[in-house]
Amino acid sequence: MQPTLLVVDDEPDMLQLLRRSLAPDLHCHVETAISGAKALEVLAATHVDLILADIRMPDMDGLELLELIKRQDPDQTVVMMTAYGSIEAAVAAMKQGACDFITKPFDHETLVVRLEKALERSLLLKENRRLQQECRQMDSFQDLVGGSDSMKQVFETIRTVAQTDLTVLITGESGTGKDLTARAVHSLSPRAKGPFVAVNCPTVPEHILESELFGYHKGAFTHAVHNKTGLFQEAQGGSIFLDEIGDVSPAIQTKLLRVLQEKEIKPLGSTRTITVDVRIIASTNQNLAEKIKRGEFREDFYYRLNVLPIRLPALREHPDDIPLIADHLLAKHCRKLNKSLRRLAPEVLAHFQSRPWAGNVREMENLICQGILFAQNDPIGLADLGLDPQTATTGQAVLDGLPQEYRAAKQQALRRFNEVFLGDLLKAHRGNVTQAAKACGLERQALQQVLRRYGIGADAFRNEQG
Amino acid sequence: MESFRILVVDDELDFTETIVNRLKKRHLLAEGVGSGEAALEALREAVFDVVLLDIKMPGGMDGIDVLREIKRLQPEAEVILLTGHASIETSIEGMKLGAFDYLLKPIRFDELLDKLSAAFKKKASLGRPSLP
């Protein structure tokens, strides 16, 4: 692909001349702008590798334009030109970050040589950024990202655990990557060629969960008009991932315990048992020991599950990985959303470092998706993430004006959070609940439940332009 | 401001002496040398925070070459270029090589102090270098 050069000058003849002469000599595509304001418009819409801007222009002069460009993208390569060259102007431009300064009238060959050099700088910077990105990706493991000691330990555990055929229990807060970890265990195990079946336990109503897991025979209950294969059978030869196992009822726990002990299932309404060759990977964000104490979780089931535990650290426990993860998510979602690769402004990264991340990596993923969708410019700023630059660093905004009483305050803060979070989410997906659910990691039904609880209608977002 | 070290490089010895004395009166640590070669020797011996470098010193090393060598020896040193009759091209070249700023001779002392304090500010924000 040819690089793009943007020439900014208030003289139309000059623009014409430079466009015609530079395009073939620099082998580049040339965009032109008749003013600083027009140049900023071009920059917002197009990726530009090099800018050649005149200093003396009415309204916004070249130095003002240079300052605005550098504020938006400190790496942008800009060459300034002027017919009224003075040492002061040249030094000022260079101090402001111009890469070169050319005085008019210039001889065409000199101009081409100096622009070639500037273009080379720009392409090198771009290549450098790409390589840095690639290096960071080397710190990832099966789509899990982290270079910190705690994450490296997790990767090591996954590798070890994957080689066995024992039951795995993954624990960690919401959004720490339990699903990715389960997939990693499966794909590194000897069962990798077999199916990986994931079941999000709390989203399936209890009376359906049993028939989903174990299947049923025709006539087992009123609507059972034909035989149905359960998910355990579908996972034959592979792994089944029981997400949020802490939420299943004691009745189902008893049946799963039987599968763990006997390696066999009995479809509803059937008298015969079926042997299954399935590895079980379970996960929970709850404290199962506490649940056992309260009598909500079977102790024997817990010990059968917790053969090989993998504990995923909360994001705040490994803040060193925040820039790495942010970069990874940015690259991943720019690709997914078909946008050119963006960067995060330094203040966004600073905010990320101090944010408590109650929702862990998933929370960051949502913020970054929002940023990619709404940011007009590169890099993505705090405002693009819907954050107020004044309060973003303290998190105070969520707490403003809350009642004194704890429960009432919490409820109100939750309501505010849900309204803002879900509002933005629906806006981003133009009211499409299925897409919104997928993006935020909830099942469609679960999201609809939350929307109902907070009285948020998806219809209102359907006609908005995302 | 007192703890920053300044090296003044100019072949006009009267000029060098005057500047060094006036800086010392302001309780600044300043030293003067009369050529590019002497400047590089001084920089091999000690760490300087700011170098005031005359870019046109006939008879010796070219000012731009001296600047290039200063940046190689002590990349953290901020260089302010001085000259009586420089071309735009030299000033651009100097800035490209990493000079911090430019002063035209005859210099105004308060202007020099402004530029020095801007250079000190930059150094302070980046942290002081230590002796090798």
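Details of the structure are given in the entry above.
Anyway, here's the lowdown on the structure attached to this text. (Residues numbered from 1 in each chain as written. Chains lettered and ligands numbered in written order. Predicted model: local features only at pLDDT ≥ 70, side-chain atom pairs only at ≥ 80, totals over all residues. Heavy atoms only, no water.)

Thoughts on the interface of chain A and chain B
Often the size quoted for an interface is simply the accessible area lost on bringing the parts together.
Then comes step 1: Listed per partner, the contact involves 13 residues of chain A and 12 residues of chain B.
Then comes step 2: Around 1000 Å² of area is buried between chain A and chain B when both sides are counted, 69% of it from carbon and sulfur atoms.
Then comes step 3: In terms of surface lost to chain B, no three residues of chain A exceed Ile-87, Met-94 and Lys-95 of chain A, which account for 48% of the buried area on that side.
Then comes step 4: Put simply, the parts of the chain that give the side of chain A that touches chain B at least two residues each are α4 (87–95) and β5 (100–103) of chain A.
Then comes step 5: Here the element with the most residues in the side of chain A that touches chain B is α4 of chain A; it accounts for six residues.
Then comes step 6: Its residues placed into classes, the side of chain A that touches chain B shows six nonpolar, three polar and four charged. (Contact = heavy atoms within 4.5 Å. Buried area = accessible area lost by both parts, 1.4 Å probe. Helix = DSSP H or I, 4+ residues; strand = E, 2+ residues; numbered from the N terminus. Nonpolar A, V, L, I, M, F, W, Y, C, P; charged D, E, K, R; others polar.)

Topic: the sheet that holds strand β16 (residues 308–311) of chain A
Residue and element names in this part refer to chain A.
Then comes step 1: Taken in spatial order, the five strands of this open sheet run β9-β12-β15-β8-β16, and their pairing is parallel. The open sheet has two edge strands, β9 (196–200) and β16, and neither has a second partner. If you compare each strand with its neighbour and ignore which way they point, the axes differ by 20 degrees on average.
Then comes step 2: Packing against the sheet, helix α7 (residues 178–188) makes contact with β8 (168–171), β9, β12 (239–243), β15 (279–284) and β16, and its axis sits at approximately 160 degrees to β15. (Pairing = 2+ DSSP bridges. Axes fitted to C-alpha atoms, helices over the stretch in contact; angles between N-to-C directions.)

Some details on unusual backbone geometry
Leaving glycine out, the prevailing phi sign among residues is negative, and the prevailing peptide bond configuration is trans.
Then comes step 1: In this model, Lys-104 of chain A is joined to Pro-105 of chain A through a cis peptide bond whose omega is -5 degrees.
Then comes step 2: Within the secondary structure, Pro-105 of chain A is located in the loop between β5 and α5 (108–137).
Then comes step 3: Residue Pro-106 of chain B follows Lys-105 of chain B across a cis peptide bond; omega there is 0 degrees.
Then comes step 4: With respect to the helices and strands, the residue Pro-106 of chain B is situated in the loop between β5 (101–104) and α5 (109–126).
Then comes step 5: With a phi angle near 60 degrees, Lys-263 of chain A is a residue other than glycine that sits in the positive phi range.
Then comes step 6: Note on placement: Lys-263 of chain A falls in the loop between α10 (250–262) and β13 (264–265).
Then comes step 7: In this structure, Arg-430 of chain A is a non-glycine residue whose phi angle is positive, near 50 degrees.
Then comes step 8: Note on placement: Arg-430 of chain A falls in the loop between α16 (406–428) and α17 (433–440).
Then comes step 9: The class for Arg-430 of chain A is partly exposed, based on a relative accessible area of 43%. (Buried < 20%, exposed > 50% of the residue type's maximum accessible area, 1.4 Å probe, protein only.)

Observations concerning the pairing of β12 of chain A
Taken residue by residue, a regular strand's side chains alternate between the two faces of the sheet.
Residues and elements named next belong to chain A.
Then comes step 1: Burial runs high along β12: five of the five residues are buried.
Then comes step 2: Pairing of β9 with β12, which is carried by five bridges, proceeds in the parallel orientation. From the neighbouring strand, Phe-196 faces β12, where its bridge partner is Ser-239.
Then comes step 3: Where β12 lies against β15, four bridges are found, and the strand directions are parallel.

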